[in-house]
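# Structural description and commentary
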Amino acid sequence: MNRKMLFQTSQEVRFGKVLLFVIPTYLTSLFNTLYAIVDGSFVASYVGTDALAAINIAYPIVNVLTGIALLFATGGSSIAALFIGAGKQKEADRAFSVSILGALVIGCLIAGGILLSLTPTLQMLGATPVTLENSRIYSMFWLVATPAVLGKELLTYFIRVDGAPSFSFFLALSCGILNIVLDYVFVGKLRMGIYGAVLATVLGIVLSCVVGICYFVRKRFRARVRKTSQRQKSEAIKGYGLRFSMHGLSLRLGVRCMVNGVSEFVNQLAIAITTVVFNLTAMQFAGEDGIAAVSIIMYLQFIFIGIYFGYSMGIAPQLGYAYGNGRREVCEKLESCSIRFLLIAQVVIYVLTFFGAPLGVELFAERGSEVCGMAVRGMRIYGLDFLFAGLNIFAAVRMMAYGKGHWSGIITFLRSFALLLLFLLLLPRHFGLTGVWMAVPAAELLTFFTTLRTWYGRSTCFHMSDAARGKYFL
């Protein structure tokens, strides 16, 4: 019996038990969102909305770094979960190891390239003389901290797959608390401006990365201490989950992990590109106030998208374990619970968005200001996205958990890039700034039809006999 598999049969799948496993992952996502919002709130309050716009302009660079991390973190951890479910611990260790190395090599090379041409890159992203210097400062700190940025995301996902979602939440909690405290000290008290905000963020990420490394080092040390014979050595290694090792790594496995995680890379890259388009379009209709309104809406939507993303990523390891172990009925029961939960959550979240928009926006902009009114109107239209996003996100994560990253990539590419970019180019021509807010819900609605295809199309059906024999993976 796999010690990480909570559900051995479909009768054991109960929504309350599912939530107990998912809640730490959701809280991880929530804390990541909250400390980003606190960051923005401190900047808006103590530095000004121009500085908030500068962060928004620089954020595509952050999205690229995060995308590289998630490419290996989500793809590699899903492959590792499939191997664990099939009882292939050594292969799971290799998926873990090759993901860490691949992300660090690719991420650091790209970060170095961006650093060498930072000013032209920021100008291409929409930086103006008003925002350029702050955007440059914010970007430089993130780029220098690239290894920690990558490590934090990778370790968070692999610790979760290793059967410790609560410790994964602890990583996010430590990062968030330190970030908030340092924001208060650096930005609120010492008035360090954009320097203080980004320094607080980076130090929180570094702490989280160090704690994650300690988790795996401690497990390996404990496994070594317990071995007094060859038999005990094998039992210790088996009982202590994922281990980093340079032995037996292959380019083929690295590519497999990358392909499976391509949806999250596409998502982050799409966010980077569409953020630029959002900013340029909003600038065209409302100037720097328009960019500030876009920034506020982006911060607020993270809270609700985080619910969908946190739930989906929380359930993904259990789907992967069951699929790798050949337990189709468990997968189907987990999916059924998830769909019911998301259908209800989507309606509740939109109602909260519509009526709570003024309260949320006032965290960033002064009541009665032009930016505040613009953001409230925009949030109520943009919020229609939440009526479909939950099922679309779950569908993408579900296919990734089953090792079918190409379907996950298609869903994410449509909702986050292709359709969104199309509507961003078309709708503002007819509806002005309102068309900017309408683009995301329109893209999400059309993507939903592809989501239905992944449930009912033949090409995405289960092939449990292959998975059970371990032939599926490579």
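Please read these numbers as outputs of a predicted model, since none were measured by experiment.

## Describing the overall build of the protein chain
The helix and strand inventory of the protein chain stands at 17 helices and 0 strands. Of all 474 residues assigned to the protein chain, the portion counted as buried reaches 59%. Looking at the protein chain alone, contacts between residues at least 24 apart form 82% of all its contacts between residues at least 6 apart. With an accessible surface of roughly 19000 Å², the protein chain has 67% of that area assigned to carbon and sulfur atoms.

## Details of the environment of Ala92
Examined against the element boundaries, Ala92 turns out to sit in helix α3 (residues 89-116). Once the C-alpha coordinates of Ala92 and Leu242 are considered, the two residues, 150 residues apart in sequence, prove to be 7.0 Å apart. If sequence neighbours within four positions are ignored, Ala92 has contacts with Ala80, Phe83, Ile84 and Leu242.

## Comments concerning helix α2 (residues 49-85)
Largest kink in α2: about 40 degrees, centred on Ala58, with the proline Pro60 one to four residues after it. Burial analysis of α2 places 34 of its 37 residues in the buried class, which makes it a mostly covered element. In the stretch just after α2, Gly87 is the one whose phi turns positive, near 80 degrees.

## Examining the packing of aromatic side chains
In total, this model carries 17 aromatic pairs according to the counting rule given. Ring centres 5.8 Å apart and planes at 50 degrees place the aromatic pair Phe167 and Phe170 in the tilted group. Of this pair, Phe167 and Phe170 both sit in helix α7 (residues 165-189), separated by 3 residues, roughly a single helical turn. Judged by relative accessible area, which is 27%, Phe167 ranks as partly exposed. Among the aromatic side chains, those forming a connected cluster through ring pairs are Phe96, Phe158, Phe167, Phe170, Tyr215, Phe216 and Phe244. When the ring centre of Tyr157 is taken as origin, the NZ or CZ atom of Arg160, which lies over that ring, is 4.8 Å away.

## Observations concerning the pattern of salt bridges
A full pass over the atoms with the stated rule returns 6 salt bridges. For the salt bridge of Glu153 with Lys152, the shortest nitrogen-to-oxygen distance reads 3.7 Å. As far as burial versus exposure is concerned, Glu153 and Lys152 are alike and both buried. A salt bridge links Glu362 to Arg367; the nearest nitrogen and oxygen atoms lie 3.2 Å apart. By relative accessible area, Arg367 is classed as exposed at 64%.

## Remarks on the packing of α3 against helix α10 (residues 251-260)
With their axes 9 Å apart at the nearest point, α3 and α10 run at an angle of 75 degrees to one another. As the angle between them shows, α3 and α10 are arranged roughly perpendicular. Two secondary-structure elements touch here, α3 through Glu91, Arg94, Ala95, Val98, Ser99 and Ile106 and α10 through Leu253, Gly254, Cys257 and Met258. A class-by-class count of the residues in the contact of α3 with α10 yields 6 nonpolar, 2 polar and 2 charged.

## Examining the environment of Asn32
Position of Asn32 among the secondary structure elements: in helix α1 (residues 15-46). A sequence separation of 140 residues divides Asn32 from Ala172, and the C-alpha atoms of the two residues are 6.3 Å apart. Once you skip the residues sitting within four places of it in the chain, Asn32 turns out to touch Lys152 and Ala172.

## Observations concerning helix α14 (residues 386-401)
The terminal C-alpha atoms of α14, which comprises 16 residues, lie 23 Å apart, in line with the 22 Å expected from a rise of 1.5 Å per residue. Taking burial as the measure, the 16 residues of α14 include 14 buried ones, the bulk of the element. Gly403, located one to two residues past α14, shows a positive phi value of around 80 degrees.

## A closer look at the packing of α2 against helix α11 (residues 262-324)
For the pair α2 and α11, the least separation of the axes is 10 Å and the interaxial angle reads 15 degrees. Between α2 and α11, the angle falls in the class roughly parallel. The way α2 lies across α11 gives a crossing that is left-handed. Classifying every residue of the contact of α2 with α11 by side-chain character gives 26 nonpolar, 13 polar and 3 charged.

Basis of the calculations
Residues numbered from 1 in each chain as written. Predicted model: local features only at pLDDT ≥ 70, side-chain atom pairs only at ≥ 80, totals over all residues. Heavy atoms only, no water. Helix = DSSP H or I, 4+ residues; strand = E, 2+ residues; numbered from the N terminus. Buried < 20%, exposed > 50% of the residue type's maximum accessible area, 1.4 Å probe, protein only. Contact = heavy atoms within 4.5 Å. Areas by Shrake-Rupley, 256 points an atom, 1.4 Å probe, with all protein chains shown as cover. Bend = angle between axes of the 7 residues up to and from the residue. Phe/Tyr/Trp six-rings, centres within 6.5 Å; stacked < 30°, edge-to-face > 60°. Lys NZ or Arg CZ within 6 Å of the ring centre and 35° of its normal. Salt bridge = Lys/Arg side-chain N within 4 Å of Asp/Glu carboxyl O. Axes fitted to C-alpha atoms, helices over the stretch in contact; angles between N-to-C directions. Parallel < 35°, antiparallel > 145°, perpendicular 65-115°, else oblique. Nonpolar A, V, L, I, M, F, W, Y, C, P; charged D, E, K, R; others polar. Expected span 1.5 Å × (residues − 1). Left-handed = near helix turned anticlockwise from the far one by under 90°.

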